[in-house]
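# Architecture and fold: a report
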Amino acid sequence: MAARTLRIGLIPGDGIGREVIPAGRRILESLPSSLGLKFDFVDLDAGYDHFKAFGTALPEKTVETLQKECDGALFGAVSSPTSKVAGYTSPIVALRKRLSLYANVRPCKTVLSPAFKSPSTSPIDLVIVRENTEDLYVKEERTYPDPNGDGQIAEAIKRISTQASRRIATIAGEIAVRRQKMRQKANGQAVQKEAMVTITHKSNVLSQTDGLFRSTAREALSAPAFSSLKIEEQIVDSMVYKLFLQPQYYDVIVAPNLYGDLLSDGAAALVGSLGLVPSANVGEGIVMGEPCHGSAPDIEGKGIANPVATIRSVGCMLEFLNQPEAADVIYNAVDEGLREGKFTSPDLGGKASTKEVTDDIVRRL
């Protein structure tokens, strides 16, 4: 059977993105030939550094190439100024909108290792599914004088739609069903964890916006395809408390954009480091892998950035490009390396360089 060729856009972005995206490419190039996959790569620009040099953070060429030529993409990291810079807007937020990457899927998993310890005492294996296109991230804000004459008032639009809420709840249900099938395949009938989706919201206060998200998600997850799932819900503040108290309980958590962003970074702390946590931005025609860490200017150029989040993001990308066998090969190689603990980066208490960690995982492929 002829090998399938996938065209992958590479967008290093800023900071350590330029160090970890080459590691992701190496992993794709090193996959076993028995998987029947080949890859073409195209280098693309985006980021705050590009904005400072050329006046745009997201060139049209990057968007057009991804739309017309690419099956998937890998995005490294983006630096964002803490105060407003005229004309600048985050390229990753813009890419999610322009490419209709409606779901941000973030797995969080602990791996027992002699080299480092997870902050959680119990094994964690959960996925946070974050709606990616609306909520407060529509970035419709305005500032105007306070009528009382006391300074200014700033407002932001929070937008929730039936379409986006149904879509994100449906993919969360599909992920939960798939995860349960994988657990059954690996462990037979001795599966301890219940297949479950937890809907997270704040509808007790935001009765219209979060209320719409809650009711739409419940309706979507009542479909026959999800009859095997347990459906729960949590108010977001209670969700934070319970996630940190008993993370091992949760399976798939689905949330609007802002809550999903906060919960996924919090969950990353539970598994040891943002340098371990991947994500996939999933759309109808393209999937973009993206490590959850930032541009990390404090370690930029030192060659010590942890590539694991990017390498796991390569696996996530392949998983949603209907290449589960290739994804499993990557996940297993990463997990074996972490379990052995011989090559771990400084964020995990080790001394290995980005190249040494990547080399170790490549050997295990």
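Throughout, a residue's number is its position along its own chain's written sequence, starting from 1. Residues qualify for local features only when their pLDDT is at least 70, as the model is predicted, and side-chain atom pairs are given and counted only at 80 or more; totals for whole chains, interfaces and linings, by contrast, use all residues. Processing note: side-chain calculations cover all non-hydrogen atoms of the structure and skip hydrogens and water entirely.

Put simply, the rule reads: UniProt positions are given in the numbering used here, feature names are shortened, and annotations may be inferred rather than shown by experiment.
You'll find the chain entered in an unreviewed UniProt entry as homoisocitrate dehydrogenase, with Endocarpon pusillum given as the organism. Annotation of the chain in UniProt includes, under Cofactor (unreviewed entry), the sentence "Mg(2+)". Its UniProt record, at the heading Pathway (unreviewed entry), says of the chain: "Amino-acid biosynthesis; L-lysine biosynthesis via AAA pathway; L-alpha-aminoadipate from 2-oxoglutarate: step 4/5."

### A few points about the packing of helix α1 (residues 17-29) against helix α11 (residues 354-364)
Two quantities define a packed helix pair, namely the angle between the axes and the distance from one axis to the other. Stated precisely, the cut-off is as follows: Here, axes are lines fitted to C-alpha atoms. For helices the fit covers the stretch in contact, and angles between N-to-C directions go from 0 to 180 degrees. Secondary structure elements follow DSSP: runs of H or I no shorter than four residues count as helices, runs of E no shorter than two count as strands, and numbering proceeds from the N terminus. By the definition adopted for this analysis, an angle is roughly parallel if under 35 degrees, roughly antiparallel if over 145, roughly perpendicular if from 65 to 115, and oblique otherwise. Less than a right angle of anticlockwise turn of the near helix away from the far helix marks a crossing as left-handed, whereas a clockwise turn marks it as right-handed. What makes two residues a contact is simply this: any of their non-hydrogen atoms within 4.5 Å. In this classification, Asp, Glu, Lys and Arg are treated as charged, Ala, Val, Leu, Ile, Met, Phe, Trp, Tyr, Cys and Pro as nonpolar, and every other residue, Gly included, as polar.
Where α1 contacts α11, the axes come no closer than 10 Å and their chain directions differ by 15°. Of the possible angle classes, the one that applies to α1 and α11 is roughly parallel. Taken as a pair, α1 and α11 cross one another with a handedness that is right-handed. Residue-level contacts link Glu19, Ala23, Arg26 and Ile27 of α1 to Thr354, Lys355, Thr358, Asp359, Ile361 and Val362 of α11. By residue class, the composition of the contact of α1 with α11 is 4 nonpolar, 2 polar and 4 charged.

### Describing the nonpolar core
To keep it simple, the criterion reads: Only buried Ala, Val, Leu, Ile, Met, Phe, Trp, Tyr and Cys residues count toward a nonpolar core, and they belong to the same one when joined by side-chain atoms within 4.5 Å. Partly exposed describes any residue whose relative accessible area lies between the buried limit of under 20% and the exposed limit of over 50%, with all areas from a 1.4 Å probe on protein chains only and scaled to the type maximum. Reported domain spans reflect what an automatic or database domain assignment gives.
Judged by nonpolar contacts, the single largest core of 62 residues is most densely connected at Ile8, Leu28, Phe39, Val129, Ile171, Leu318 and Ile330. Counting the residues that make up this core, at least three belong to each of domain 1 (1-111 + 272-364) and domain 2 (119-271). Apart from the residues lying within four places of it in its own chain, the contact partners of Ile8 are Leu28, Phe39, Asp40, Phe41, Val42, Cys70, Gly72, Ala73, Leu74 and Met317. Among the nonpolar cores identified, the runner-up in size contains 22 residues, and Ala73, Phe75, Ile92 and Leu95 belong to it.

### A closer look at helix α10 (residues 324-340)
Basically, it comes down to this: Between the first and last residue of a helix there are one fewer steps than residues, each counted as 1.5 Å, and that sum is the expected span.
With 17 residues, α10 extends 24 Å between its outermost C-alpha atoms, agreeing within 8% with the 24 Å of an ideal straight helix rising 1.5 Å per residue. Of the positions making up α10, those classed as buried are Ala326, Ala327, Ile330, Tyr331, Ala333, Val334, Asp335, Gly337 and Leu338. Its buried side turned inward, α10 meets α1, β2 (37-43), β4 (103-109), α9 (308-320) and α11. Count one or two residues on from α10 and you reach Gly341, which has phi positive near 75°.

### Quick word on the environment of Ser34
Along the polypeptide, Ser34 turns up in the loop between α1 and β2. A relative accessible area of 68% places Ser34 in the exposed class. Separated by 238 residues in sequence, Ser34 and Gly272 have C-alpha atoms that sit 33 Å apart.

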